[in-house]
Amino acid sequence: MNQFTEKITDKDFIGKLIPQKAPFVMVDKLLHFEDKKVIAGLTISEENIFTQNNKFTAPGLIEHMAQTVALYTGYQFFLKEEDAPLGYIGAIKKAEIIELPSVGNELKTTVNVLHDIMGVTLVTAETECNGKVIASSEMKTVLAN
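Just so it is clear, the structure is predicted and the values come from calculations on it, not from any experiment.

Thoughts on the overall build of the protein chain
Turning to step 1, where the next piece is worked out: Secondary structure assignment for the protein chain yields 2 helices and 8 strands.
Turning to step 2, where the next piece is worked out: In the protein chain, the order of α-helices and β-strands from amino to carboxyl end is α-β-β-β-β-α-β-β-β-β.
Turning to step 3, where the next piece is worked out: Taken over the C-alpha trace, the protein chain has a radius of gyration of 14 Å; the compact-globule value for 145 residues is 15 Å, and the two agree within 12%.
Turning to step 4, where the next piece is worked out: With the principal axes as the frame, the protein chain shows a C-alpha extent of 40 × 30 × 25 Å.
Turning to step 5, where the next piece is worked out: When burial is assessed residue by residue, the protein chain has 44% of its 145 residues classed as buried.
Turning to step 6, where the next piece is worked out: When the accessible surface of the protein chain is split by element, carbon and sulfur atoms take 51% of a total near 7,800 Å².

A word on the sheet that holds strand 7 (residues 120–129)
Turning to step 1, where the next piece is worked out: Taken in spatial order, the 6 strands of this open sheet run 1-2-6-7-8-5, and their pairing is antiparallel. If you trace the sheet from one side to the other, it starts and ends with strand 1 (29–34) and strand 5 (87–97), each paired once. Strand-to-strand twist across the sheet, computed as the mean angle between neighbouring axes with direction ignored, equals 20 degrees.
Turning to step 2, where the next piece is worked out: Both strand 5 and strand 8 (residues 132–143) contribute to a ladder of 8 bridges, which runs antiparallel. When the bridges of strand 8 are listed, isoleucine 89 appears paired with threonine 141.

Points about the pairing of strand 7
Turning to step 1, where the next piece is worked out: Taking every second residue as pointing to the same face, the buried face of strand 7 carries Thr121, Val123, Ala125, Thr127 and Cys129, while none of Val120, Leu122, Thr124, Glu126 and Glu128 on the other face is buried.
Turning to step 2, where the next piece is worked out: Note: strand 7 against strand 8, 10 bridges, orientation antiparallel. Bridge pairing in strand 8 places threonine 121 opposite threonine 141.
Turning to step 3, where the next piece is worked out: Here strand 7 folds back onto strand 8 in antiparallel fashion, the turn holding 2 residues, of which asparagine 130 has a positive phi close to 55 degrees.

Observations concerning the layout of surface pockets
Turning to step 1, where the next piece is worked out: Its volume calculated, the largest pocket comes out at about 310 Å³.
Turning to step 2, where the next piece is worked out: Taken together, 15 residues form the lining of the largest pocket, with Lys11, Val25, Val27, Asp28 and Leu42 sitting closest to its centre.
Turning to step 3, where the next piece is worked out: Looking at the lining of the largest pocket, the elements with two or more residues in it are helix 1 (11–17) and strand 2 (37–43).
Turning to step 4, where the next piece is worked out: Broken down by element, the residue count for the lining of the largest pocket peaks at 4 residues, all from helix 1.
Turning to step 5, where the next piece is worked out: Its residues assigned to classes, the lining of the largest pocket comprises 7 nonpolar, 4 polar and 4 charged.
Turning to step 6, where the next piece is worked out: In this structure, the second largest pocket encloses a volume near 200 Å³.
Turning to step 7, where the next piece is worked out: Taken together, 18 residues form the lining of the second largest pocket, with Ala66, Ala70, Gly87, Tyr88 and Thr141 sitting closest to its centre.
Turning to step 8, where the next piece is worked out: Secondary structure elements with two or more residues in the lining of the second largest pocket: helix 2 (58–79), strand 5 and strand 8.
Turning to step 9, where the next piece is worked out: The element best represented in the lining of the second largest pocket is helix 2, accounting for 7 residues.
Turning to step 10, where the next piece is worked out: Residue composition of the lining of the second largest pocket, grouped by class: 9 nonpolar, 8 polar and 1 charged.

Conventions we followed
- Per chain, the residues get numbers from 1 upward, laid out in the order the sequence is written.
- Given that this is a predicted model, residues contribute local features only at a pLDDT of at least 70 and side-chain atom pairs are listed and counted only at 80 or more, while totals for whole chains, interfaces and linings are drawn from all residues.
- Water and hydrogen atoms play no part in the side-chain values, which are based on all heavy atoms of the structure.
- Starting at the N terminus, helices and strands are each numbered in turn, a helix being any DSSP run of H or I of at least four residues and a strand any DSSP run of E of at least two.
- Throughout, the radius of gyration refers to the C-alpha atoms, and the reference size of a globule is 2.2 Å times the residue count to the power 0.38.
- Remark: exposure states derive from per-residue accessible area (1.4 Å probe, protein chains only) relative to the maximum for the residue type, with buried under 20%, exposed over 50%, and partly exposed in between.
- Note that accessible areas follow from Shrake-Rupley with a 1.4 Å probe, and for residues the cover is restricted to the protein chains shown.
- Whether two strands pair comes down to DSSP finding at least two bridges between them.
- To get an axis, a line is fitted to the C-alpha atoms, and for a helix only the part in contact is used. The angle between two axes follows their N-to-C directions and goes from 0 to 180 degrees.
- The definitions used throughout rest on a 1 Å grid laid over the protein atoms alone, on which a cavity is an enclosed set of points accommodating a 1.4 Å probe that cannot get out and a pocket is an open set flanked by protein within 12 Å on both sides along at least five of seven lines; lining residues are those having an atom within 4 Å of a point.
- Grid points are joined across faces, edges and corners, and a volume is the space filled by probe spheres set on the points.
- Polar here means any residue outside two lists: the nonpolar Ala, Val, Leu, Ile, Met, Phe, Trp, Tyr, Cys and Pro, and the charged Asp, Glu, Lys and Arg; Gly therefore counts as polar.

Below, the structure is given as structure tokens:
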């Protein structure tokens with residue numbers, strides 16, 4: 001089983017694991033990785049394109065969850081010494097935004113992989129801020145290959 005406990009906070013390295021590029025990067029740390037689970041983080045900045053009126057918007061939260069899935073996939077490919085593939089959100093189901101976090105807060109998103117077959121990944125995602133769940137969703141991502 002592939003698993004690590006060291007946090008990866010090198011933004012350049014994280015950037016190599018996902019297909020998104022600045023200013024559209026919504027993950028800045030890999031906090032935990034194992035075969036069917038990943039935890040990623042993001043510190044919300046004023047400069048973030050999804051920040052409005054000192055709050056991180058709902059589309060930003062959804063994109064952060066999706067990029068957490070991309071980080072999971074990208075790290076898997078990194079372990080196989082292959083380039084991270086392009087992908088996209090295939091479907092979002094049961095998305096719930098409970099609260100919009102403020103600039104300066106740290107998001108922590110846990111993604112549990114339910115199914116990962118033939119380039120289609122079905123996951124549940126839960127985002128916390130200050131120890132409180134603020135968003136959740138089920139989504140399907142698809143590799144573009």
